[in-house]
Amino acid sequence: MTETKNTGPTATHEAWEAAARKLGAEPETLLYQTGELSIPALSTTATPIDARRGKTSWQVAQLYEDPRFDIVAEQIKNDLAAGVDAIWLRSGLDHGTRILTPGDLEAALRDAPLDTVSFQLEPEVDSLSVGMSLVAVASARGVRDEDMRFSFGADPIGSLLRRGTLPEGLSGGRRSLVSMALHCDEALPHCKAALVNGAVFGDAGASLDEEVAWSIATGLTYLRWMIEAGIEPEKAANQIVFALSLGSESFAHGAKIRALRTLWRRALAKADIQTRAQIIARSSRANRTSRDPWTNMLRGTSETAAGAFGGADWIAVLPFDVEVGCSDRLARRVARNTQLVLREESQLGHVDDPAFGSYAIESLTDRIARAAWTRVRGIEAAGGMRSFVLRGDMVSALSARATQVDEASRTRTKKVIGVNIFPNPEEAKLERGEVRIRDVEVELGSVFGDLSPDERQAALREFGLAWAREGERVLARKTREAMAAGVDLYSMTVLVRAQQPSLYTEPAHKASPAAPWEALRNGASTEDEPKVWLAGDPRSKLFAQTRDVLLTTGLRFGTLDDSEVIQSSDGVVIARDDHFDEWIERLRDVPTEALFSAGGEPDESFDGHIDLRGDVLDGLAKLCSLLRRTEETKR
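What counts, and where the lines are drawn
Residues numbered from 1 in each chain as written. Predicted model: local features only at pLDDT ≥ 70, side-chain atom pairs only at ≥ 80, totals over all residues. Heavy atoms only, no water. Helix = DSSP H or I, 4+ residues; strand = E, 2+ residues; numbered from the N terminus. Rg over C-alpha atoms; globule rule 2.2 N^0.38 Å. Buried < 20%, exposed > 50% of the residue type's maximum accessible area, 1.4 Å probe, protein only. Contact = heavy atoms within 4.5 Å. Areas by Shrake-Rupley, 256 points an atom, 1.4 Å probe, with all protein chains shown as cover. Lys, Arg positive; Asp, Glu negative; His and termini not counted. Charge placed at Lys NZ, Arg CZ, Asp CG, Glu CD. Phe/Tyr/Trp six-rings, centres within 6.5 Å; stacked < 30°, edge-to-face > 60°. Patch = residues over 30% accessible without salt bridge, like charges linked within 9 Å, V, L, I, M, F, W, Y side chains within 5 Å. Salt bridge = Lys/Arg side-chain N within 4 Å of Asp/Glu carboxyl O. Arc of directions from axis to C-beta. Expected span 1.5 Å × (residues − 1). Polar contact = N/O pair within 3.5 Å; in protein donor to acceptor, adjacent residues only side chain to side chain.

A. Representation of the overall build of the chain. Looking only at helices and strands, one finds 22 helices and 18 strands in the chain. The globule rule puts the C-alpha radius of gyration for 635 residues at 26 Å, and the 28 Å found for the chain is close to it. Its C-alpha atoms give the chain principal-axis dimensions of roughly 90 × 70 × 55 Å. The burial tally for the chain puts 55% of its 635 residues in the buried class. Here the analysis covers contacts within the chain between residues at least 6 apart in sequence; of these, 77% occur between residues at least 24 apart. When the accessible surface of the chain is split by element, carbon and sulfur atoms take 50% of a total near 28,000 Å². On the chain, the mean spot of the 77 positive side-chain charges and the mean spot of the 95 negative ones are 4 Å from each other.

B. Geometry of the packing of aromatic side chains. In the structure shown here, the tally under the stated rule is nine aromatic pairs. Measuring from centroid to centroid gives 5.6 Å for Phe201 and Trp214, while their planes differ by 90°, and the two rings are edge-to-face. Residue Phe201 is located in helix H7 (residues 199-203), and its partner Trp214 is located in helix H8 (residues 208-228); the two are separated by 13 residues in the primary sequence. The burial state of Phe201 is the same as that of Trp214; both residues are buried. The structure contains a cluster of three or more aromatic residues connected by ring pairs, namely Phe119, Phe150 and Phe152.

C. Quick peek at a negative patch on the surface. Where like charges cluster on the molecular surface, the negative patch consists of Asp185, Glu232, Glu234 and Asp272. Summarising the element assignment, Glu232 is placed in the loop between H8 and helix H9 (233-237).

D. Quick look at the environment of Pro501. Within the secondary structure, Pro501 is located in the loop between helix H18 (489-496) and strand E13 (503-504). Relative accessible area serves as the criterion here: at 55%, Pro501 is assigned to the exposed category. Taking the C-alpha atoms as reference, Pro501 lies 8.7 Å from Ser171; in sequence the two are 330 residues apart. Dropping the residues within four chain positions of it, Pro501 is found in contact with Leu166, Pro167, Glu168 and Gly169.

E. Structural view of H18. Looking only at H18, the buried set comprises Leu489, Met492, Thr493 and Val496. What you see down the axis of H18 is that its buried residues fit within an arc of 100°, all on one side.

F. Summary view of helix H12 (residues 329-345). The end-to-end C-alpha distance of H12, which contains 17 residues, comes to 22 Å, matching closely the 24 Å that a straight helix rising 1.5 Å per residue would cover. Buried residues of H12: Ala331, Arg332, Ala335, Arg336, Thr338, Gln339, Leu340, Leu342 and Arg343, and no others. At its buried positions, H12 is contacted by strand E3 (59-64), helix H2 (69-81), helix H11 (296-310) and strand E12 (314-316). One side-chain oxygen at the N-terminal end of H12 lies 3.3 Å from the backbone nitrogen of Leu330; it belongs to Asp328. Looking one or two residues beyond H12, the residue adopting positive phi is Gln347, at roughly 65°.

G. Structural context of the pattern of salt bridges. With the rule as written, the count across this model stands at 44 salt bridges. For Glu74, the salt bridge goes to Arg110, with nearest N and O atoms at 3.7 Å. Taken together, the positions of Glu74 in helix H2 and Arg110 in the loop between helix H3 (102-108) and strand E6 (118-122) put the pair 36 residues apart, joining distant regions of the chain. Judged by its relative accessible area of 44%, Arg110 is partly exposed. For Arg332, the salt bridge is made with Asp79, and the minimal N-O distance between the two is 3.4 Å. Note that Arg332 is positioned in helix H12 and Asp79 in helix H2, a separation of 253 residues in sequence. Pair check on accessibility: Arg332 and Asp79 agree, each one buried. Each of Glu65, Arg90, Asp94, Glu122, Glu124, Arg162, Arg163 and Arg285 takes part in salt bridges that share partners, so that together they form one network.

Written as structure tokens, this is what we have:
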């Protein structure tokens, strides 16, 4: 093979600085900005960070949460046959896939090989009963304890923030987590009890370093709980799985994953623990849109790249129609194949650490890690994550972030393709059937095992007596035995939560930059929408900007030129370009219900103003409101 050489000129650092100055910018003023973090654009100094995932590829995971367990069974069967390696099941009595008995779970997993496929449960407040039901189902199929590779997903802090309530309180949540960790330590060597679901923080608008810091602080809390229960520190650390959200900024979110792995290693080293973080990366729900959902395919590609750059162990890409309703087969196929193409054909999965040595990602990793470590130290000094949540500090921080997300969206500082920028005016709203968990028929659940109802009742009674006598060290084992006997989840839940005070807080709401724009468009897109005219010079920049923002509303509007005269109109928007005064004179006697200006300074003689340099959404919302009022009056 002939060796080729690069004979072109070498671009030195000095040459890049000279090019920057030629464009009128000083090199030190050029920054790459993501959220509150920034790095110099022209620099070559960054300390390489070892963020290898520990193997040559990530596992392709898929999230399952359809309320109907028979539909989930079919989805799992199709996905496993087409390349999915791992199953992430969000399930419980009142969320995700509805599971009333171990028999329901057995039906949902009827085609899943429980001895070879990895499982991550997201049971929220039902962690003990759902986790031990999975073990009971696997045991009934003859799977040995040492062959089970399940993560039971106990995450009381994350569940509290997501739901706003924790029926058994943090003390009860601690008990469930610790009891499963003890059972894993004694009998299930490849299973993990705890999940630190940092994606809850990310979906609610947390910054990159906040998501990392709060995840680390939560992990330290769970680690202490397990060590206090008598589990060896290194074994306790191996019982924790981290989940992080993925956004469209591939470099930034890849750096976030690398920062968490680095900080967790640093935190454990202080206790002389040598183990690595297991990280699941999944699409942020806040990064999905319901209008023009096809653009979510592009977001899924960027998210997968971020997970690969960061060295995630699992990556789960949400289907492009997840915000519309129940995803169809095409959407799930695209989500799955996006990963397979990048992992196998682009060979991102065949590189130990794709980002190693990259100045941009290494520098971002360092900035995120430093900022997050400062936050972790502050949380630990003030009593740890439990105190941080109970004092309301996290809710306050997320409220501030949600306000920032909303402001960035309204001013279009945060651009969402297909929603507040480059909308498709001809796009019809995608319709999907939505099935809510309360719509799923409530029955007794599928029978599991061969025991009679009386024998199941006796098993439940025995569980209650044993739990009262022996405490949390036998709780998971006794729950497993009760599930194997076919006891239903509700009965188990009542016993486990007995005499435990509930805990309430403000839930962590999803902070979606697309949401206010989608609400505006959904409200404006009617079949008999009033006519709006746009006046101005079509050659001016202001006219083009005004036309672009009107497209985001879904309003049907026309444009006026010099040869047109209208007799009346429900709405007129005049761009404040060089011909603004002329259009005011021409339209002086035209009856209109809503006369708006766009760009420049507002005029009190108009009904409203669209501020193209500020809160664009405010003026658009007022325009749509006036037009809807006119439409209702005509009816």
